[in-house]
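# Chains, contacts and geometry: an overview
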Amino acid sequence: MSSASCRWSLVAILAVTTPVRAQDVVPISTDHPQCTVMLEEVLSLGGIDDPGTIGLPTWITRLESGDFVLSTPENGAEMMVYDAEGRYRESFGRSGEGPGEFVAPGMGRLRPSPDGGVLILDPMTRRITSLSATRQLLGATQIGDMMGMNFLPATSGSGFIVGGWGGSAGGTPGGVTRMIDSEGVTLAETDAVPRERWLMGFFFFPMTTDAEGRVWRARPTEYVVEAWDPEDSAVDVRLEGSPDWFTPGPPQPGYPLEAPGPSVIGSLAYEEGLLWIATWVADSEWAQLSGWSVDDGALDGNKLMDTVLEVIDPATGALVARAVHDEFLWRTGDGAFLYGLRQDGLIPQAVLYSASFEGEECPPPG
């Protein structure tokens, strides 16, 4: 059963087509979902002969060619390219602050560009760089005074939606989401999420866009996702819930060695009318890790956190599908895959998954 046909069928059955009013608060249902999310391992990136490594975090996007581009802080300014079969092809990126140079692309995000190239957000140089399919510099957009951690190409086709740390128009510092044009001029922005809460989602700042051009963003330390309309700079919809498995922050004293971590929404995706929410929660088998530290192996973070993957109908708050996966799950910049980070012996790898629905009550294919 293809995931696309199943999703279209689910939308037809579950969605109530009454329009959502501005500022609507939609409770997320706690009812048992019709389906479960099934993950199929399709590819792994990372080999013993690769010139770089895979660390935490690692950002991946697939390009129009089918190649995958990967960045991580451990590789500095260099990014690695893998082909559609997962074979290492080449590395690119030079260190510096000049045109076409990078300081820390592994702290930002990667997205495919419409012309077959790649878009790269470097928080330290505060710019989004556009490279062609042959890695030639096409241009760059400065994002202003904010430290951007995530971005999306604007649905208008010009400019970007950028999420990160900065001051709002009212002067309050915190986590903001801005729409900027290709020159970096701010066209619209959200209110600032207070610093003490926003820092909980420092590396994540999940965002996605829907068919109406609205930006869905998660609020740190809450099980809340908002739909922000840059056209009128207002939050149209607020999905919220309080499931018993969600533990709000801040971290307990002693985290990560002596106390489990709080829950954090790590990624969002909007596909064919459904919102996919991936939330990191304390590992179901969490135990004190005596003598262990993050420096001993970043990928051992899988011993600390699991992922709750939920699919929500944003028009009604209905819980369509759900699954719990025993590792961190991230989402590729093109939105096509979920992926986890693990080690095969001494070799760190990124393992990509395709997602589909399964269950007796799921509609048949087509």
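Residues numbered from 1 in each chain as written. Predicted model: local features only at pLDDT ≥ 70, side-chain atom pairs only at ≥ 80, totals over all residues. Heavy atoms only, no water.

The next subject is the overall build of the protein. If you tally the helices and strands in the protein, you get two helices and 28 strands. Out of the 366 residues belonging to the protein, those deemed buried represent 56%. Summarising the internal contacts of the protein: among those between residues at least 6 apart in sequence, 52% fall at separations of at least 24. (Helix = DSSP H or I, 4+ residues; strand = E, 2+ residues; numbered from the N terminus. Buried < 20%, exposed > 50% of the residue type's maximum accessible area, 1.4 Å probe, protein only. Contact = heavy atoms within 4.5 Å.)

So, on to unusual backbone geometry. Note the cis peptide between L56 and P57, where omega equals 5°. Note on placement: P57 falls in the loop between strand 2 (35-45) and strand 3 (59-62). For R135, which is not glycine, the phi dihedral falls at a positive 65°.

Glancing now at the environment of I312. Tracing the backbone through its elements, the reader meets I312 in strand 24 (residues 305-313). C-alpha of I312 to C-alpha of L275: the two residues are 37 residues apart in sequence and 5.1 Å apart in space. The residues contacting I312, other than those within four sequence positions of it, are I28, L239, L274, L275, I277, G317, A318, L319 and V320.

The next thing to look at is the sheet that holds strand 4 (residues 68-71). Within the open sheet, the four strands sit side by side as 3-4-5-6. Their pairing is antiparallel. Each having just a single partner strand, strand 3 and strand 6 (88-92) make up the two edges of the open sheet. Sheet twist, expressed as the average angle between the axes of neighbouring strands with direction ignored, equals 20°. With three bridges joining them, strand 4 and strand 5 (residues 79-82) adopt antiparallel strand pairing. Across the sheet, L70 pairs through a bridge with M80, a residue of strand 5. (Pairing = 2+ DSSP bridges. Axes fitted to C-alpha atoms, helices over the stretch in contact; angles between N-to-C directions.)

Here we come to the nonpolar core. Grouped together as the largest cluster of nonpolar side chains are 22 residues, with contacts concentrated most on L45, I60, F68, Y339 and L352. Contributing elements (two or more residues each) for this core: strand 2, strand 3, strand 4, strand 5, strand 27 (338-344) and strand 28 (347-358). Each residue touching I60, except ones within four places of it in the same chain, is listed here: L45, F68, V69, L70, T332, G333, Y339, A350 and L352. Counting residues in each nonpolar core, the second largest holds 19 residues, with I28, A218, L239 and L275 among its members. (Core = buried A, V, L, I, M, F, W, Y, C linked by side-chain atoms within 4.5 Å.)

On to the pattern of salt bridges. Where charged atoms of side chains with opposite charge meet at close range, the side chains can pair. Applying the stated rule across the entire model yields 19 salt bridges. Note that E240 and R238 form a salt bridge whose closest N and O atoms lie 2.9 Å from each other. Residue R342 pairs with E327 through a salt bridge whose shortest N-O separation is 3.2 Å. Placement of the pair is R342 in strand 27 and E327 in the loop between strand 25 (318-325) and strand 26 (330-331), with a sequence separation of 15 residues. Residue classification places R342 among the partly exposed residues on the basis of a relative accessible area of 27%. The class of E327 is buried, set by a relative accessible area of 5%. One salt-bridge network, held together by shared partners, links R217, R219, E222, E226, R238 and E240. (Salt bridge = Lys/Arg side-chain N within 4 Å of Asp/Glu carboxyl O.)

A few words on the confidence of the model for the protein. In regions of low pLDDT, the predicted coordinates are not meant to be interpreted in detail. Of all residues in the protein, 84% attain a pLDDT of 70 or more, and the chain-wide mean is 84. Low confidence marks residues 1-21, where pLDDT is under 50. Its contacts with residues over four positions away, or in another chain, come to 43 contacts. Contacts of residues 198-202 to residues separated by more than four positions or lying in other chains number 17 contacts, the stretch itself having pLDDT below 50. (pLDDT = per-residue confidence, 0-100.)

With that settled, consider the sheet that holds strand 19 (residues 215-218). Strand order in the open sheet made by the five strands is 1-21-20-19-18, with mixed pairing throughout. Across the chains shown, the open sheet's two edge strands, defined by having one partner strand only, are strand 1 (24-27) and strand 18 (207-209). Put simply, the sheet's adjacent strands are angled 20° from each other on average, direction ignored. Summarising the sheet, strand 1 and strand 21 (residues 234-240) pair through four bridges and their orientation is parallel. Its bridge partner being in strand 21, V26 is matched across the sheet by L239.

Right, let's talk about the side chain of D24 for a bit. Residue position: D24 is located in strand 1. Look at D24 and you get buried, because its relative accessible area is 12%. With sequence-adjacent residues up to four places away left out, D24 is seen in contact with D236, V237 and R238.

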